[in-house]
Amino acid sequence: MTTLNTYDHFFFKDLAALLTGQIILPEDETYEQVRQIWNGGVTTHPMAFVRCANTQDVIHALRWVRSHGLPLSVRGGGHDFAGRALREHGVVIDCSLMRKVTIDPQTRTARIQAGTTASDLIAAAHEYGLVTTTGTGSGVGMAGLTLGGGYGPLMGAYGLATDNLLSAQVVTAAGELVIASPSEHPDLFWGLRGGGGNFGVVVALEYRLHPLTTVLGGLLLYPVEQAREVLHRYNEVIATAPDELTILTGFFQNPDGQTMLFLSPTYCGPKVEREQVLALLRTFGKPLVDQVQPVEYHDLIHALDALAPKGRHYYIQTQSFQGLQTRTIETLIEQGLPLTSPFSMISIHNFHGAASRVSASETAFALRQDHLMFEIIAAWEDQSADEEQKHVQWARMLSQSLAPSALKGGYINLLEEREQERIPLALGSNYERLLDLKRTYDPDDVFSSTIAHIAPAAS
Ligand SMILES: Cc1cc2nc3c(=O)[nH]c(=O)nc-3n(C[C@H](O)[C@H](O)[C@H](O)COP(=O)(O)OP(=O)(O)OC[C@H]3O[C@@H](n4cnc5c(N)ncnc54)[C@H](O)[C@@H]3O)c2cc1C
């Protein structure tokens, strides 16, 4: 049972008087509902949620929380598996209701508020036949995704989500609203693109959009007996695949309880080349299911949602590789299968093309070589400690078995607090510069509950 450090509404009255939004406390009926994030296994109980309605609310909240010396966290879309949007006994600056999206079809740009999800942005841009890079999950917050990098089905053609960021409005630790762009606070703009939530509350983001409506996409499913053959073929194909073809692969269980290898290709190139791409995809063994067809990107992005619904218990580990070596494929199959739960899965993102052509020093996101990013996703419903241990253990063991041949570091959005030593490795040659930036923008480490936490005192 969690003991709450509770304060009543009277304690927050001065802040409440300044807000358009609301303050939710443990004594309120809606507290439990507001506390729910994607990972139902997160038990963190904040002392308060400041449900911000606009930028001014964020500024007031930040200044008030700091003036009272209280710990805080920032919530965007609430999809961080480790639950860093919430902080035990802390105040959550909750941006999840700030979801306005404005599209400018002339300049092909989108302006979004801090709580906007991938689905919100895709739906609004779709009205104008435009898209930008998002992740594979429709409910994921664009803020957290972008601050960590943002792998997605369009990254080969358009780069990471963060590569499409044109500017951001940020409330700094000092409670000041600043613009970060190539011409204003360029240092901060650099750090936001892959440096996590270390430097402030991002209240608005502006993205470059690209003309696109339909892609070739869908699922190909193979029995595990074909996994070696298909994964070796995958490794060959991605080495020469065009930028416009990004293929996600991995394992999940179908509703009949069979573990399947899946390929989830997205091809966003010229329509006349689709037949060629289909022919290439059909060289991957004999699929039991082949649903690859022209599909609106808008619809494609919802296709995998059912695999990772909000509210289950989740635990994620990550490793990245330069290609799929035989040893990696063997470890994956020998150690990773069978999946310990019908809901667990492994997914492998192919980082390539436009995302790889950005230099390592151009943005804070440092791993700019072609690679494969593994997500080992343990998911379960039973709430017993034994169940939890079994699934967490599976993810950790598989990750450890894969680690010797993995690239150092890993994807910062998926590294948890206990893996803090992997953060400098992930940020690579950009780490020292990010440390300086942290000392400039957040010397008191106000934003310590974040993905890729950088402690300003670190030498
Ligand atoms: C179902 C699912 C699918 C996913 N798919 C992908 C994928 O395809 N590609 C990929 O790259 N990642 C993917 N992820 C990982 C995802 O990018 C990260 O979990 C990301 O941090 C989620 O962002 P959020 O805003 O929803 O997170 P939150 O939980 O709200 O926030 C997480 C952290 O991000 C920071 N943050 C969030 N909003 C702000 C803000 N406005 N200002 C400052 N800091 C902020 C804070 O540090 C916060 O602690 C996926 C996650 C899930 C659950």
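Residues numbered from 1 in each chain as written. Predicted model: local features only at pLDDT ≥ 70, side-chain atom pairs only at ≥ 80, totals over all residues. Heavy atoms only, no water.

## Topic: the overall build of the chain
Where we set the bar: By the criteria applied, helices consist of DSSP H or I runs no shorter than four residues and strands consist of E runs no shorter than two, each listed in order from the N terminus. The size measure is the radius of gyration over C-alpha atoms, and the globule rule it meets is 2.2 Å times the number of residues to the 0.38 power. Only protein chains enter the accessibility calculation, which uses a 1.4 Å probe. A residue is then buried if its area is under 20% of the maximum for its type, exposed if over 50%, and partly exposed in between. Only the protein chains shown count as cover for residues, and all accessible areas are computed by the Shrake-Rupley method using a 1.4 Å probe.
Each helix and strand counted, the chain has 15 helices and 20 strands in total. Its C-alpha radius of gyration of 22 Å places the chain within 12% of the 23 Å reference for a compact globule of 459 residues. Overall, the chain is about 65 × 55 × 45 Å in size when its C-alpha atoms are taken along their principal axes. Buried positions account for 59% of the 459 residues belonging to the chain. Carbon and sulfur atoms provide 50% of the accessible area of the chain, an area that totals close to 18,200 Å².

## Things to note about helix α15 (residues 431-441)
Filter applied, for reference: As used here, the arc is the angular range of directions from the helix axis to the C-beta atoms. Contacts: residue pairs with any heavy atoms within 4.5 Å of one another.
Restricting attention to buried positions, one finds in α15 the residues Y431, L434, L435, L437, K438 and Y441. Projected onto a plane normal to the axis of α15, the buried residues spread over an arc of 160 degrees and lie on a single side. Those residues of α15 hidden inside the fold are in contact with β8 (165-172), α7 (186-192) and α14 (422-427).

## Some thoughts on the sheet that holds strand β2 (residues 48-51)
To keep it simple, the criterion reads: Two strands form a pair only when DSSP identifies at least two bridges running between them. For helices, the fitted axis covers only the stretch in contact; all axes are lines through C-alpha atoms, and the angles between them, taken along N-to-C directions, range from 0 to 180 degrees.
Read from one edge of the open sheet, four strands run β1-β2-β4-β3, paired in mixed fashion. Single-partner strands in this sheet number two, and they are β1 (22-24) and β3 (72-75). Taking the axes of each pair of neighbouring strands and ignoring which way they run, one obtains an average angle of 20 degrees across the sheet. With three bridges joining them, β1 and β2 adopt antiparallel strand pairing. Bridging across to β2, I24 finds its partner in F49. On the sheet, helix α3 (residues 55-67) packs against β2, β3 and β4 (91-94) and is oriented at approximately 165 degrees with respect to β4.

## Comments concerning the sheet that holds strand β5 (residues 101-104)
One open sheet holds the five strands; their spatial order is β5-β6-β10-β8-β9, and the pairing between them is antiparallel. Edge positions in the open sheet fall to β5 and β9 (177-180), since each of these has one partner strand only. Neighbour-to-neighbour, the strand axes of the sheet open up by a mean angle of 15 degrees, direction not taken into account. Bridge count for β8 against β9 is four bridges, and the pairing is antiparallel. Bridged to V170 within β9 is V178.

## Considerations on the site of the ligand
Let me state the cut-off plainly: Only a single heavy atom is needed: when it lies within 4 Å of a molecule or strand, its residue is near that molecule or strand. Definition of a polar contact: a pair of N or O atoms within 3.5 Å, with one able to donate and the other able to accept a hydrogen when the atoms are protein atoms, and with sequence-neighbouring residues admitted only if both atoms are side-chain atoms.
Neighbouring residues of the ligand: 31 residues in total, closest G76, G78, Y151, Y411 and T450. One nitrogen or oxygen atom from the main chain of L145 is found 3.5 Å from an oxygen atom belonging to the ligand. A distance of 2.7 Å is found between a nitrogen atom of the ligand and a backbone nitrogen or oxygen belonging to Y151. Notes on the ligand: free accessible area 940 Å², of which the protein chains cover 96%. Ranked by residue count, the leading element in the shell around the ligand is helix α5 (residues 142-148), at four residues.

## A short note on the state of the cysteines
Under the convention used in this document: Any two cysteine sulfur atoms lying within 2.5 Å of each other are counted as a disulfide.
What the rule picks out here adds up to zero disulfides. Of all cysteine sulfurs, the one in C52 lies closest to C95, which takes part in no disulfide; the gap is 5.4 Å. Judged by its relative accessible area of 1%, C95 falls in the buried class.

## Here we look at the domain arrangement of the chain
Quick note on the threshold: A domain assignment, automatic or from a database, supplies the domain bounds used here. Put simply, buried area is how much 1.4 Å-probe accessible surface two parts lose in total, over both of them, once they are put together.
Under the domain assignment used here, the chain contains domain 1 (13-94), domain 2 (101-212 + 431-441) and domain 3 (214-417). Of note, the centres of domain 1 and domain 2, computed from C-alpha atoms alone, are 22 Å apart. In this assembly, 11 residues from domain 1 lie in contact with 15 residues from domain 2. Carbon and sulfur atoms supply 68% of the area buried between domain 1 and domain 2, which totals about 1,000 Å² over both sides.

## Digging into the pattern of salt bridges
Keep this limit in mind: The term salt bridge refers to a side-chain nitrogen of Lys or Arg lying within 4 Å of a carboxyl oxygen of Asp or Glu.
For the coordinates displayed, the defined rule picks out 22 salt bridges. Between R63 and E176 there is a salt bridge, and its shortest N-O distance comes to 4.0 Å. A residue pair is termed long-range when its members are at least 10 positions apart, and R63 in helix α3 and E176 in the loop between β8 and β9 qualify at 113 residues. Classification of R63 as partly exposed rests on a relative accessible area of 43%. E416 is paired through a salt bridge with R418; the nearest N and O atoms lie 2.8 Å apart. The exposure class of E416 is buried, given its relative accessible area of 12%.

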